[in-house]
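Here is how the chains run, residue by residue.
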Amino acid sequence: MTDEQLEYKSVKLRRSLLKSIKHAGAGHTGGSLSCIDILNVLYNRILNVSPETFFSPDRDRYIQSKGHSVEALFVVLADRGFFPESELETLCCYQSHFIGHPTRKVPGVEQNTGGLGHGLPISVGTALAAKLDKKEYRTFTLLGDGELAEGSNWEAAMAAAHYGLDNLTAIIDCNSLQIAGRTREVMNSEPLGAKWSAFGWSVSRIDGHDYGQLTEALSGPLKRGKPSMVIADTIKGKGVDFMEGVGKWHHGVPNDEEYGRAMAAFDTQLAKREGVLS
Amino acid sequence: MSTPAASMYSEAAASMASELGLKKGKANLEVFAATVEELASKDRNVLAVVSDSRGSGKLGPFSERYPEQLIELGIAEQNLVGVSAGLASAGKTVFAVSPACFLSARSLEQIKNDVAYSDNPVTLVGISAGVSYGALGTTHHSLHDFAVLRAINNMNVVAPADNYEAREAVKAAAALKKPVFLRFGKAPLYDLGFEAEQPFRIGKARLLRNGGDVAFVATGEAVIHALLAAEWLKRNHALNARVLDVHSIKPFDTETVVAAAKGCRAVITVEEHLVNGGLGEACAAAILESGHAGCRFRRVAIPDEYTVTGSQADIFRHYGISMEGLAQTALSLAENNVPVS
Ligand SMILES: [Mg+2]
């Protein structure tokens, strides 16, 4: 898939993400929009997982530590054919498996997450297992920037470097916001690059909405013998103009007028891109 | 104040044990380590994951013989459990070994989410459990582990009472492919016997002694004291005490516990745990819901107070988890002529 095709897909994914959230009347809108380009690249260019290979012991693992951005994961999994997109209409409904955080009841989900600071330790476990078994599969995990205040991340960071897990790539969806406000003001985790380097990781800081940069950073270990940290600078609410960089959209649901505006903007973008692609 | 008691048994209790022909075995921790090593020797997927706890887990020899099967994570219990969940999800048979006090508290959220909720088959091995650490104090005691782990869906909670049960529990946990918490102490234990008649099975209580006057329903390393008390009551007061060894706190053998309530005038639960949320409350609920609540009922456990200081033996004796203490409790209930329903 070309960058243009992926970018076109990203508009469609954002559109169905917002549709699901609107339908459910709940969801983590801002953070799902900030990480969807990362997931788009992972699932369409990097990970060797598909509905057919999901139970293979050799598949790549993707463990979403920032579980609240589950809507992004769900729309990407639906797009990859793990389940019909229509199932997302049951998001947050009584007895639906499509709840507000990832669960293994949903095809394609590796681990049940939602409590923050859990994905990296689990990922260290799967990466370590791959090393012990001399297998080639890689493990990826996605963290939020606010999430880095959880101490368990740093326990796992130490262990990943200690064991030289170059088959592990962690990505920070660094959208610089969390519920209470700007991450720098709530609990400053910068300088992130220096911190992860000091913990023994190989670090790359990129534009988390740039398909070329994402692809390059995620294609292989940044350095042999070290775990990789990709700090992806992103914009919370990316792709919906009135949501971009606005904290209240962390778990905001658009009203009918806002929703209509956002959908119209998506449709205009899609039409424009279809023109370019055809 | 007195010097710390070294023995878990008074002279009278020790001689009662020898008159019953009970043999002193090893600490369950040592049996755990030997059994895991045996499993590891046959299957390179068997891993012991430790948090600077290989020494206290008696895994020194294991780490020398199978260095690639011992994963050291340093003093970081949250990471210990999270990494163990990841290893288990990738097909490893994982024993996560850490002092019970830290494992069941600091890493409780990892146990709840990464192990139980995600259904990753980790065997959590709580070492030096209960008040094994004695005078090291409350930071090192685990008197809450039954309560918190019972309250987590998809957890199995097992407290072996002797070396036989410890060995069988380790093997059963590995074979079960489900989340399990095993609780081990470090004091040498008597072998309780009845291995052929009452084989170990997770979820099934073992009847160690039958009787119809009072029933001791005990778990883990407190069971032996109930067994000695039962014999003391027989000899000194002609009372017939039943002794149930409920090694599985979860799943819980409701049927056998309720049968004890139906068949005896009094039920006394015995556990090395806080009185809240453990075996005693599980029994109380089972008995009440069964409709056979006509028996008298008493929980012998560590009370909800600042735990008395001293060795494990001192703490047990102080709170009546001893042959003498349990016999006294049984007498006080049995002599109170409450009609049986
Ligand atoms: Mg954030």
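Just so we're clear, the structure is a prediction, and the values are computed from it rather than from any experiment.

1. Overview of the overall build of chain A
The helix and strand inventory of chain A stands at nine helices and seven strands. Relative to the compact-globule value of 19 Å for 278 residues, chain A shows a C-alpha radius of gyration of 18 Å, a close match. The principal-axis extent of the C-alpha atoms belonging to chain A is close to 50 × 45 × 40 Å. Taking all 278 residues of chain A together, 56% fall into the buried category. Split by element, the accessible area of chain A, about 10,900 Å² in all, is 52% carbon and sulfur. Averaging the locations of the 30 positively and 34 negatively charged side chains of chain A gives two centres separated by 3 Å.

2. Remarks on the environment of Ala198 of chain A
Summarising the element assignment, Ala198 of chain A is placed in helix H7 (residues 192-198). Separated by 40 residues in the primary sequence, Ala198 of chain A and Met158 of chain A have C-alpha atoms spaced 9.7 Å apart.

3. What to know about the domain arrangement of chain B
Residue and element names in this part refer to chain B. Here chain B is partitioned into domain 1 (11-23 + 194-334) and domain 2 (25-190). Between the C-alpha centres of domain 1 and domain 2 the distance comes to 25 Å. Tallying the contact residues gives 38 residues for domain 1 and 42 residues for domain 2. Summed over the three residues of domain 1 that lose the most area to domain 2, namely Phe200, Glu221 and Lys250, the buried surface amounts to 25% of that side. Viewed at the interface, domain 2 and domain 1 are joined by one salt bridge. Two residues, Glu165 and Arg206, come together in a salt bridge whose shortest N-O distance is 2.6 Å. For the interface between domain 1 and domain 2, the tally reads 18 residue pairs in polar contact (both at pLDDT 80 or more). Elements represented by at least two residues in the side of domain 1 that touches domain 2 include exactly helix H1 (11-19), helix H9 (223-237), strand E12 (248-250), strand E13 (266-274), helix H11 (279-290) and helix H12 (312-318).

4. A closer look at the packing of helix H1 (residues 3-24) of chain A against helix H2 (residues 29-46) of chain A
Residue and element names in this part refer to chain A. Put simply, H1 and H2 touch, their axes get as near as 10 Å, and they point 140° apart. Judged by the angle between their axes, H1 and H2 are oblique. When you trace H1 past H2, the crossing you get is right-handed. Packed against H1, whose contacting residues are Asp3, Leu6, Lys9, Ser10, Leu13, Arg14, Leu17, Leu18 and Ile21, the element H2 presents Thr29, Ser32, Leu33, Ile36, Asp37, Asn40, Val41, Asn44 and Arg45 at the interface.

5. Some words on the interface of chain A and chain B
Taken together, the 24 residues of chain A in the interface contact 26 residues of chain B. For the pairing of chain A and chain B, the buried interface totals around 2,000 Å² over both sides, and the portion due to carbon and sulfur atoms is 49%. For the pair chain A and chain B, the interface holds one salt bridge. Among the ionic pairs, Lys92 of chain B bridges to Asp133 of chain A, the shortest N-O distance being 2.5 Å. Linking chain A with chain B are 13 residue pairs in polar contact (both at pLDDT 80 or more). Looking at the side of chain A that touches chain B, the elements that each hand over two or more residues are helix H4 (119-132) and helix H5 (152-162) of chain A. Tallied by class, residues from the side of chain A that touches chain B come to 12 nonpolar, eight polar and four charged.

6. A closer look at the sheet that holds strand E3 (residues 168-174) of chain A
Adjacent strands of a sheet form backbone hydrogen bonds with each other and so pair up, either parallel or antiparallel. All names here are of chain A. The strand order across the open sheet formed by five strands is E1-E2-E3-E7-E6, and the pairing between neighbours is parallel. The open sheet has two edge strands, strand E1 (61-64) and strand E6 (202-207), and neither has a second partner. Adjacent strand axes in the sheet meet at a mean angle of 20°, parallel and antiparallel pairs treated alike. The pairing of strand E2 (residues 139-144) with E3 spans six bridges and is classified as parallel. Bridged to Gly144 within E3 is Asp173. Taken strand by strand, helix H8 (residues 211-218) contacts E2, E3, E6 and strand E7 (228-233), and its axis lies near 165° from that of E6.

7. Topic: the layout of surface pockets
Residue and element names in this part refer to chain A. The calculated volume of the largest pocket comes to roughly 320 Å³. The wall of the largest pocket is formed by 19 residues, among which Phe54, Phe55, Arg59, Arg104 and Glu110 lie closest to the centre. Within the lining of the largest pocket, the residues separate by chemical class into 10 nonpolar, three polar and six charged.

8. Quick word on the environment of Gly81 of chain A
All names here are of chain A. As for its placement among the helices and strands, Gly81 is situated in the loop between helix H3 (70-79) and H4. Residue Gly81 is classed as partly exposed on the basis of its relative accessible area of 47%. As a C-alpha pair, Gly81 and Pro51 span 30 residues in sequence and 6.6 Å in three-dimensional space.

9. Some words on the side chain of Ser50 of chain A
All names here are of chain A. Relative to the elements of secondary structure, Ser50 occurs in the loop between H2 and E1. A relative accessible area of 12% means that Ser50 is categorised as buried. Not counting chain neighbours up to four residues away, the residues in contact with Ser50 comprise Arg80 and Phe82.

10. Here's the deal with the coordination of the magnesium ion
For a metal bound by four donors in a tetrahedral arrangement, the ideal donor-metal-donor angle is 109.5 degrees, while six donors in an octahedral arrangement ideally sit at 90 or 180 degrees. Residue and element names in this part refer to chain A. Ligation of the magnesium ion by protein atoms is provided by Asp145 (OD), Asn175 (OD1) and Leu177 (O), these donors lying 2.1 to 2.2 Å from the ion. Read in sequence order, the donor residues for the magnesium ion give the motif D-x29-N-x1-L. Of this pair, Asp145 sits in the loop between E2 and H5 while Asn175 sits in the loop between E3 and strand E4 (177-178); the two residues are 30 residues apart in sequence, bridging distant segments of the chain. Grouping residues by exposure puts Asp145 and Asn175 together as buried.

Procedures and definitions
- Residues numbered from 1 in each chain as written.
- Chains lettered and ligands numbered in written order.
- Predicted model: local features only at pLDDT ≥ 70, side-chain atom pairs only at ≥ 80, totals over all residues.
- Heavy atoms only, no water.
- Helix = DSSP H or I, 4+ residues; strand = E, 2+ residues; numbered from the N terminus.
- Rg over C-alpha atoms; globule rule 2.2 N^0.38 Å.
- Buried < 20%, exposed > 50% of the residue type's maximum accessible area, 1.4 Å probe, protein only.
- Areas by Shrake-Rupley, 256 points an atom, 1.4 Å probe, with all protein chains shown as cover.
- Lys, Arg positive; Asp, Glu negative; His and termini not counted.
- Charge placed at Lys NZ, Arg CZ, Asp CG, Glu CD.
- Domains from an automatic or database assignment.
- Contact = heavy atoms within 4.5 Å.
- Buried area = accessible area lost by both parts, 1.4 Å probe.
- Salt bridge = Lys/Arg side-chain N within 4 Å of Asp/Glu carboxyl O.
- Polar contact = N/O pair within 3.5 Å; in protein donor to acceptor, adjacent residues only side chain to side chain.
- Axes fitted to C-alpha atoms, helices over the stretch in contact; angles between N-to-C directions.
- Parallel < 35°, antiparallel > 145°, perpendicular 65-115°, else oblique.
- Left-handed = near helix turned anticlockwise from the far one by under 90°.
- Nonpolar A, V, L, I, M, F, W, Y, C, P; charged D, E, K, R; others polar.
- Pairing = 2+ DSSP bridges.
- 1 Å grid on protein atoms, 1.4 Å probe; cavity = no way out; pocket = protein on both sides within 12 Å on 5 of 7 lines; lining within 4 Å.
- Points joined across faces, edges and corners; volume = space filled by probe spheres on them.
- Donors = N, O, S within 2.8 Å, 3.2 Å for Na, K, Ca; no water.

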